[in-house]
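Results of the structural survey
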Amino acid sequence: MSEYRLRQVALMAEDLGEVSRQLEQMFGVEVGFNDPSLVTWGLINAVFPVGSDFIEVAQPTVDEAPGRRFMDKRGGDAGYMVIFQAEDADAHRRRLEAKGARVIELLDYDDHVAVQFHPKDFGGTLTSIDEARGAADWLSADCHWHPAGADWMAARNGDTLGIAAVAVQHPNPEAVAARWSELLELPVSAGPNGPAIEVLDGRIDFVPARGGAGDGVVGLEIRVPNVEAALKRARDAGLPVDNGAAMIGGVAFRPVT
């Protein structure tokens, strides 16, 4: 039951075009989908296939957009949402609600269901558990994914092989890791930078909050075949690179093998 695929991570950015350009230059990826339905939330976006996972960049277009309020709270560009894929999203919804997690958005399509939980119930990180409805094998690399559109596999994914890890910051990472463990029914383990939770194909790291940066996603590890080549492209693009990671959209992107 408690199986999750780390399928998508979303960023919120002031300049969608610039952040997209930086991702394209560092990783050789290209936009696979722009979701027209996001106008409902006052957003425009771009979704990049990363192996068979996805990086989404969204930009608020109106001051009243929730994304704008989020950026004001975080002080600018920042990681926004973690999206897991599961076999049965509704079963997870019922189980998490029984543990006190609040559903703030339920998106129900013919081929997809997304259950988004209140950020405060996940230590300040907007978290969604989604189901690819009707998928013959939800763990297959080419499993359809509604948020990425119907033709995402036609988009070039450069040198990327997938999302390896997400870093979530909080003033008390141990307590937040324990809460995620309770909700996801997965054990806390010792990660490279503190407590961590392993999912089917990735890892959630919980790290101490940086001063004034707010809670939420601050780092991503992206699997690539050649780490040094990705870092060189980042430097050539003029991106700040420190300790093996480049800052894009307020998030430290670290290429790993």
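Up top is the structure these notes are about.
Let us look at the structure shown here. No experiment lies behind these values; they were computed from the predicted model shown. Each chain has its residues counted from 1, following the order in which its sequence is written. Note on the predicted model: pLDDT of at least 70 is required for a residue's local features to be given, and 80 or more for side-chain atom pairs to be given and counted; whole-chain, interface and lining totals, by contrast, use all residues. Values shown for side chains rest on all heavy atoms present in the structure; no hydrogens or waters enter the calculation.

1. With respect to the overall build of the protein chain
- The way it works is that DSSP assigns letters per residue, a run of H or I at least four long becomes a helix, a run of E at least two long becomes a strand, and they are numbered from the N terminus. Scanning the protein chain for helices and strands turns up five helices and 15 strands.
- Over its C-alpha atoms the protein chain spans a radius of gyration of 17 Å, differing by no more than 12% from the 18 Å that the globule rule assigns to 257 residues.
- With the principal axes as the frame, the protein chain shows a C-alpha extent of 50 × 40 × 40 Å.
- Only protein chains enter the accessibility calculation, which uses a 1.4 Å probe; a residue whose area is less than 20% of its type maximum is buried, one above 50% is exposed, and one in between is partly exposed. Per-residue burial for the protein chain yields a buried fraction of 54% across its 257 residues.
- Residue burial considers only the protein chains on display, and all accessible areas are found by Shrake-Rupley using a 1.4 Å probe. Carbon and sulfur atoms form 50% of the exposed surface of the protein chain, whose accessible area is close to 10700 Å².
- Under the convention used here, Asp and Glu are negative, Lys and Arg are positive, and both His and the chain ends fall outside the count. By convention, charge coordinates are those of NZ in Lys, CZ in Arg, CG in Asp, or CD in Glu. Taking the average place of the 23 positive charges on the side chains of the protein chain and the average place of its 39 negative ones, the gap between the two points comes to 4 Å. In this setup the radius of gyration rests on C-alpha atoms only. A globule is expected at 2.2 Å times the number of residues raised to 0.38.

2. Here we look at unusual backbone geometry
- At glutamate 185, a position not held by glycine, the phi torsion is positive, near 60 degrees.
- Relative to the helices and strands, glutamate 185 resides in the loop between α4 (173-184) and β9 (188-191).
- Overall, the relative accessible area of 39% leaves glutamate 185 in the partly exposed class.
- The backbone of asparagine 243 sits at a positive phi, close to 55 degrees, despite the residue not being glycine.

3. Some points on the side chain of glutamate 56
- Summarising the element assignment, glutamate 56 is placed in strand β3 (residues 53-60).
- No salt bridge forms around the buried glutamate 56; measuring N to O, its nearest opposite-charge neighbour arginine 7 is 12 Å away.
- Definition of a polar contact: a pair of N or O atoms within 3.5 Å, with one able to donate and the other able to accept a hydrogen when the atoms are protein atoms, and with sequence-neighbouring residues admitted only if both atoms are side-chain atoms. Within the structure, glutamate 56 has its side chain in polar contact with the side chain of glutamine 8 (distance 2.9 Å).
- At a separation of 3.0 Å, a polar atom in the side chain of glutamate 56 contacts the side chain of asparagine 45.
- Contact criterion: two residues are considered in contact whenever any of their non-hydrogen atoms come within 4.5 Å of each other. Excluding its chain neighbours within four sequence positions, the residues that come into contact with glutamate 56 are Gln8, Val9, Ala10, Leu11, Leu38, Asn45, Ala46 and Val47. A pair is scored as a salt bridge if a Lys or Arg side-chain nitrogen falls within 4 Å of a carboxyl oxygen belonging to Asp or Glu.

4. As for the pattern of salt bridges
- This model, assessed by the stated rule, comprises 15 salt bridges.
- We note a salt bridge from arginine 93 to glutamate 97, for which the minimum N-O separation is 2.7 Å. Highlighted residues: arginine 93 and glutamate 97, both in helix α3 (residues 89-98), separated by four residues, approximately one helical turn.
- Overall, arginine 93 belongs to the buried group, its relative accessible area being 18%.
- Glutamate 97 sits in the partly exposed class, given a relative accessible area of 36%.

5. Here's the deal with the sheet that holds strand β6 (residues 113-117)
- The pairing criterion is simple: DSSP has to find at least two bridges between the two strands. Read from one edge to the other, the open sheet built from seven strands follows the order β2-β3-β1-β4-β7-β6-β5, with strand pairing classed as mixed. The open sheet has two edge strands, β2 (43-50) and β5 (103-108), and neither has a second partner. With direction set aside, neighbouring strand axes in the sheet form an average angle of 20 degrees.
- Here helix α1 (residues 16-27) sits on the sheet in contact with β2 and β3, set at roughly 5 degrees to β2. For helices, the fitted line uses only the C-alpha atoms of the stretch in contact; every axis is such a line through C-alpha atoms, and the angle between N-to-C directions lies from 0 to 180 degrees.

6. Some points on the pairing of strand β7 (residues 126-131)
- Within β7, six of the six residues are buried, which leaves the element mostly enclosed by the surrounding structure.
- With burial as the criterion, each face of β7 is covered, one bearing Leu126, Ser128 and Asp130 and the other bearing Thr127, Ile129 and Glu131.
- The pairing of strand β4 (residues 78-85) with β7 spans five bridges and is classified as parallel. Each residue of the ladder has a partner; that of valine 82, found in β7, is threonine 127.
- Pairing between β6 and β7: five bridges, direction antiparallel. Residue pairing for β7: valine 113 is matched across the bridge by glutamate 131.

7. Quick notes on α1
- The terminal C-alpha atoms of α1, which comprises 12 residues, lie 16 Å apart, in line with the 16 Å expected from a rise of 1.5 Å per residue.
- By the burial criterion, the buried members of α1 are Leu16, Val19, Ser20, Gln22, Leu23, Met26 and Phe27. Projected down its long axis, α1 shows its buried positions confined to an angular sector of 160 degrees, all on one face.
- The inward-facing, buried residues of α1 contact β2, β3, β12 (216-223), α5 (227-236), β14 (245-248) and β15 (251-256).
- Capping of α1 at its N-terminal end is provided by aspartate 15; its side-chain oxygen lies 3.2 Å from the backbone amide nitrogen of glycine 17. Under the convention used throughout, the expected extent of a helix is 1.5 Å for every residue step, that is, one less than its residue count. Arc, as used here, means the arc of the directions from the helix axis to the C-beta atoms.

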